[in-house]
Amino acid sequence: MPYPTRRKLMNLAVASACATLVLPAYAQQADGATVVVVSGQRAALQSAQKIKQNADEIVDSIVADDIGKLPDRSVTEVLQRVVGVTMDRSMAGDPQHYAVEGSGVAIRGLNYVRSELNGRDSFSANGGRALNFEDVPPELMAGVDVYKNPSAEQIEGAISGLVNLRTAMPFDFKGFKGSVSGQKSYSTLKEGKATPSASLMLSDRWKTGIGEIGLLVDLAKSQSDTRTDAIKIDAFYPRDNVVPGKTVWVPKGALWRTQDFERERQGQYAAAQWRPFTGLTTALTYFKSDYHMKWSEQAMLMQHTTPYDIKVSDATYDANGMMLTGTLSDPEHGGINYNPDRRVATRDSSTTDVNWNVQWRVSPQWTVRNDLQRIRARSEGFDSDVATGLQIQSQRLDLTGGMPNLIFTDAQRAMLADPNQYYWAYTMEHRDRSKADSKAWKTDVQYEFDHSVLRDLRFGVRLTDRNSHTHNSNPSYNWQAITQPWMLGWNISQLAYLGDPRFSNETNVHTYPNFFNGKTSVPSVVFPNDSLAVGYPGTYEALHKYYDIVCKEQTTKQGWGSCDFAWKNSTFGTDPAEINDVSERTKAFYSQLRFGFDDLKYPIDGNIGLRYVRTNSTAAGYTVFKPSVPTFPPGASVSGVAIPDIAAFSEQQDFANSYSNVLPSLNLRMKASEKLQFRLALGKAMSRPDFSQLQGYTTLMEEIKTSTNEATKAITVNSVSLTGTGAGNPMLKPTTSKQLDVTAEWYFAPSGSLTVAVFNKQLKDIIVNQLNTYDVAGADGKTHSFTITSPVNGARGHARGFEVAYQQYYDNLPEWLSGLGVQASFTFVDSKRKLYNPVFSPYCTTGDGAVNVNLYVNGCDTDGRSFGNLPLQGLSRQSGNLSLMYDKGPVSARLAYNWRSKNLQAVNTWGTRGTDGKDTNSASPTYGATNIAWGLPLWADAYGQLDASIFYKITEKLQFGLEAQNLNKAVFKQLMQQHAGTSGHSWFATGPRYTAQLRYSF
């Protein structure tokens, strides 16, 4: 399905706005002739609109239209319906894998998002500061509020926006209330059995001799089994040996994969309220979310190391020389080397939040609110890859259509299904374990004035003590070869083929059924069984013994050599490099005055305030140095650059950091009429660095290059390079923003409105990776400066744009259409980032380490040229929503389309990087060599998805519903940017998904 352009979305928005003038709703008429009964979805929109209209700040809300019934299957999917909010559809930190329910959100193009639960800070143990919204059961939520500008009384930390998840409380209901629901979900791509979900909420309140008491219990459990199919085209390489007299661009090959994803999400929520007398209410709440995930992947990956030797036949090219069709082969190296990869990943996460709140109206003027909160978050992950390998003689590609066409002959398909063609290739493991704890105390005091202008004065204090502890295996992703073609002849005698009885182990032939919902077909492939991946470390040891066998054969045959690729598992829990331990304490004070000039022709109200916060953090760290001074022959003449005399050391060090921030804010609202109002908001906001960016582990390195005069045997030290890498930077400061918001809001009906917002955020101290120095004293007392790469507050920028939102029900249509309504929104964001110390070189260099800042900041092509001038990551310039709604009688239905334009996902990330780029810099001493580190900008293409739901009230208490996601069978596409053109990199298909549910309220 073609993606809508900006013009199409704008036309839809304009048409919807015009409809407000042409089709006024009967419910809006002043004569009262028509009465519209409001319930369900329409009542939820009406409640959300009232929150927006009456709020002191600029806020957008989504309200559940029944107990625990938000309009989507996950909190992330709910949030993307809010104007200005976009959802990331790739897995967190891994753009090469698709997330069916999303992995995070950005507000107005920025990811400085803070999360709250019932107005209190909340987070996951993910190395960041916010919740993983996909972990939270939407069944427990009564509503979601998105605040887009700060006020002094709000907790600091939300530059782009604040997401507040609201749960129900016992006193929200007049008496006993209960609800139970059951669902079954089915994925058309995965097929198989439907997965169940269920929720139960019970609430009641009683008047007793000690006051009024209320209790509420809410439980939810949901399972989701989905599948994602993917096709990927590797980067294009510049080739001057294919077409005489011309440079053409040829991909290394095509890959394909299937991922089966299983998710179980559980939620437990309980609340108790006690009102001993009027004016005093206390509440105790308990919230716990558990998230269990497992995915298993069969991926046809590539480990071909000679892309410049690939032969091309029967090829066509576009105007820029990029290959469109062609057959690839590499007879010189026995074929194109592929590694069918079986990957299994699991993650268990939980967040537990316990809160005690007391609200006391001491007198008609004074009110005191007190909060005590404890949060404990945990997360543990395991990721394991085991791969076979084979060499394909040729591969035919057709890249002229909307998706790549991979063409295989019958003989090729038979070869790919033959286990005897495969060898054991590699393993890779990763482990991580994180925990985060927080204790917080907050007291707010409110004094209400009896005054024509002054409304109330609010002031308060908040103290927090938070700790984040993360373990990562070292190496983090420990890739190790078993047998690979590049090892032949010097390290191993042969590949460990499956057909050899010595190397027999558990494998299976995967047939890729229903691939891309039957739109395309790929061959069957031989993969390791899941048991080999989940059996780590025992299965890894057994597989790597195959290497020992063939290596010993080789060393015996040639009479020399060593087996240097013996397996070493990654360490976990024993190396300081694995640990990121950060503690943080904050003290905040605020004062905020609310006022209103009601006697003006156009009444104005608002608030002005100031928040002061002091942050003190400590990061436990290490600085490690291992010298690499070469051993010179006795008596040799050594001259040239002096080699520093620095002894090896491993130094433990705690890094203390502290900073203060003053955050003023002003929010004004002018009422032109009861239906039309305008807002102006000014403020300063901050977002602290993620805990993952504060790790205090620094590795220092020494590289010494020498040359020897063969005649005299004299040795010359040509250069000494002192470099290093900081895993993080515990001395980082927060990113800050000066913000301006202006809105115009027309509320022409209880559930009808047209709003426009213009915003500008001026960002300062954006965190980027750049170079700085680290001084070390040598044995002679001299100071030596190491150039290290680490995160620094190294850039400024802006995000500015506008939002338009419209909703209305058309009650004056013919009877059978009178329940129709429309909800539409459009957001435009322009952004720019400017480094304090610009890093740009037109040509790239060798080495893909962190010291190659040009590579990480600007990106490098396979022809050795840089890109530069890249936008902020994750930001779509345009995004929009369009929903057609129907609410009449027992029927409530919605057809919802969500769209966002392309956005930069990453630069130099796995799958679009390498170290075999061609050096095309004529001034380089290695001109023409294929030794350049390259990393492409990876973009998410424009994407639009159509979802739908319909619910029918069988009785006032019993309701049946059907929901559908991705009805348009949208394919998520990634693009890779190269100088010859931007082309398709990956295509992900998940297919439509359906859910049937039954709800009963009592």
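Note that the structure is predicted; figures quoted are calculated from it, not measured. (Residues numbered from 1 in each chain as written. Predicted model: local features only at pLDDT ≥ 70, side-chain atom pairs only at ≥ 80, totals over all residues. Heavy atoms only, no water.)

Another aspect to go through is the overall build of the chain. Within the chain one finds seven helices and 49 strands. Since a compact globule built from 1002 residues should have a radius of gyration of about 30 Å, the 31 Å found for the chain is in line with a globular shape. For the chain, the proportion of its 1002 residues judged to be buried stands at 55%. Considering only residue pairs separated by 6 or more positions, the chain has 75% of its internal contacts joining residues 24 or more positions apart. Here the chain displays about 40,900 Å² of accessible surface, and carbon together with sulfur accounts for 55% of that area. Computing the positive centroid from 100 side-chain charges and the negative centroid from 97, the chain places the two 5 Å apart. (Helix = DSSP H or I, 4+ residues; strand = E, 2+ residues; numbered from the N terminus. Rg over C-alpha atoms; globule rule 2.2 N^0.38 Å. Buried < 20%, exposed > 50% of the residue type's maximum accessible area, 1.4 Å probe, protein only. Contact = heavy atoms within 4.5 Å. Areas by Shrake-Rupley, 256 points an atom, 1.4 Å probe, with all protein chains shown as cover. Lys, Arg positive; Asp, Glu negative; His and termini not counted. Charge placed at Lys NZ, Arg CZ, Asp CG, Glu CD.)

Here the domain parsing of the chain yields domain 1 (174-448 + 475-569) and domain 2 (845-978). The interface is formed by 15 residues belonging to domain 1 together with 15 residues belonging to domain 2. Of the roughly 1,200 Å² buried between domain 1 and domain 2, counting both surfaces, carbon and sulfur atoms make up 60%. Sorting the residues of domain 1 by area buried against domain 2 places Ala235, Trp249 and Tyr308 first, and these three jointly supply 32% of that buried surface. Counting across the interface, domain 1 meets domain 2 through six residue pairs in polar contact (both at pLDDT 80 or more). Listing elements by their share of the side of domain 1 that touches domain 2, those giving two or more residues are strand 12 (211-233) and strand 13 (236-243). (Domains from an automatic or database assignment. Buried area = accessible area lost by both parts, 1.4 Å probe. Polar contact = N/O pair within 3.5 Å; in protein donor to acceptor, adjacent residues only side chain to side chain.)

Below, the discussion takes up the pattern of salt bridges. All told, the structure shown has 50 salt bridges when counted by the stated rule. With its nearest N and O atoms 3.0 Å apart, the salt bridge here joins Arg257 to Glu297. On the criterion of sequence distance, the pair formed by Arg257 in strand 15 (residues 254-277) and Glu297 in strand 16 (residues 280-302) is long-range, its members being 40 residues apart. Since its relative accessible area comes to 8%, Arg257 is described here as buried. Of the residues examined, Glu297 reaches a relative accessible area of 1% and is grouped as buried. (Salt bridge = Lys/Arg side-chain N within 4 Å of Asp/Glu carboxyl O.)

Attention now goes to unusual backbone geometry. At the junction of Asn474 and Pro475, the peptide bond is cis and its omega measures out at -5° in the coordinates. Cis geometry marks the peptide bond from Tyr536 to Pro537; its omega dihedral reads 5°. When you line up the elements, Pro537 lands in the loop between helix 5 (530-534) and helix 6 (538-558). If you check the backbone angles, Asn118 has positive phi at about 55° while not being a glycine. One can find Asn118 in the loop between strand 6 (113-117) and strand 7 (120-121). The backbone of Asn869 sits at a positive phi, close to 55°, despite the residue not being glycine.

This part covers the sheet that holds strand 1 (residues 59-63). Spatially, the five strands line up as an open sheet ordered 1-8-9-6-7, and their pairing is mixed. Of all strands in the sheet, those with a lone pairing partner are strand 1 and strand 7, marking the two edges. Examined bridge by bridge, strand 1 and strand 8 (residues 143-147) share five bridges and lie antiparallel to one another. Bridging from a neighbouring strand, Ser61 pairs with Asp145 of strand 8. Against the sheet, helix 2 (residues 40-54) engages strand 1, strand 8 and strand 9 (161-166), with an angle of about 155° to strand 1. (Pairing = 2+ DSSP bridges. Axes fitted to C-alpha atoms, helices over the stretch in contact; angles between N-to-C directions.)

Our next topic: the packing of aromatic side chains. Counted according to the given criterion, the structure contains 33 aromatic pairs. Here Trp256 and Tyr338 contribute two aromatic rings whose centre-to-centre distance is 6.5 Å and whose plane-to-plane angle is 40°, an arrangement assigned as tilted. A residue pair is termed long-range when its members are at least 10 positions apart, and Trp256 in strand 15 and Tyr338 in strand 19 (residues 336-361) qualify at 82 residues. For Trp256, a relative accessible area of 1% translates into the label buried. Between the aromatic rings of Phe625 and Phe786, the centroid separation amounts to 5.5 Å while the plane-to-plane angle is 70°, which identifies the pairing as edge-to-face. (Phe/Tyr/Trp six-rings, centres within 6.5 Å; stacked < 30°, edge-to-face > 60°.)

Our next topic: the confidence of the model for the chain. Of the residues in the chain, 96% reach a pLDDT of 70 or more, and the chain-wide mean stands at 91. When the criterion is pLDDT under 50, residues 1-37 qualifies, and its contacts beyond four places in sequence or with other chains add up to 53 contacts. (pLDDT = per-residue confidence, 0-100.)

Before going further, it helps to spend a moment on a nonpolar patch on the surface. The grouping of Phe176, Val180, Leu200, Leu202, Val217, Leu219, Tyr1000 and Phe1002 at the surface amounts to a nonpolar patch, some 620 Å² of accessible area in total. Sorting the residues of the nonpolar patch by element identifies strand 11 (195-208) and strand 12 as the ones contributing at least two each. Tracing the chain through its elements places Val180 in strand 10 (residues 177-187). (Patch = residues over 30% accessible without salt bridge, like charges linked within 9 Å, V, L, I, M, F, W, Y side chains within 5 Å.)

Note on placement: Pro71 falls in the loop between strand 1 and helix 3 (75-79). A residue is classified by how much of its surface remains accessible, and Pro71, at 24% relative accessible area, is partly exposed. Each C-alpha atom of the pair Pro71 and Pro138 lies 9.2 Å from the other, and the pair is 67 residues apart in sequence. Setting aside chain neighbours within four positions, we find Pro71 in contact with Ile62, Val78, Arg894 and Glu963.

This part covers the environment of Ser504. Within the secondary structure layout, Ser504 lies in the loop between strand 25 (478-481) and strand 26 (507-510). For the pair formed by Ser504 and Ser199, sequence separation is 305 residues and the distance between their alpha carbons is 48 Å. In contact with Ser504, not counting residues within four places along its chain, are Leu498 and Tyr546.

Below, the discussion takes up the nonpolar core. The nonpolar side chains of a soluble globular protein tend to be buried with one another. Trp256 and Trp424 are the most contacted members of the largest nonpolar core, which has 78 residues in total. In terms of residue count, the dominant contributor to this core is helix 6 (six residues). No fewer than three residues from each of domain 1 (174-448 + 475-569) and domain 2 (845-978) sit in this core. One finds Phe133, Met141, Leu165 and Met169 within the second-largest nonpolar core, a separate group that totals 31 residues. (Core = buried A, V, L, I, M, F, W, Y, C linked by side-chain atoms within 4.5 Å.)

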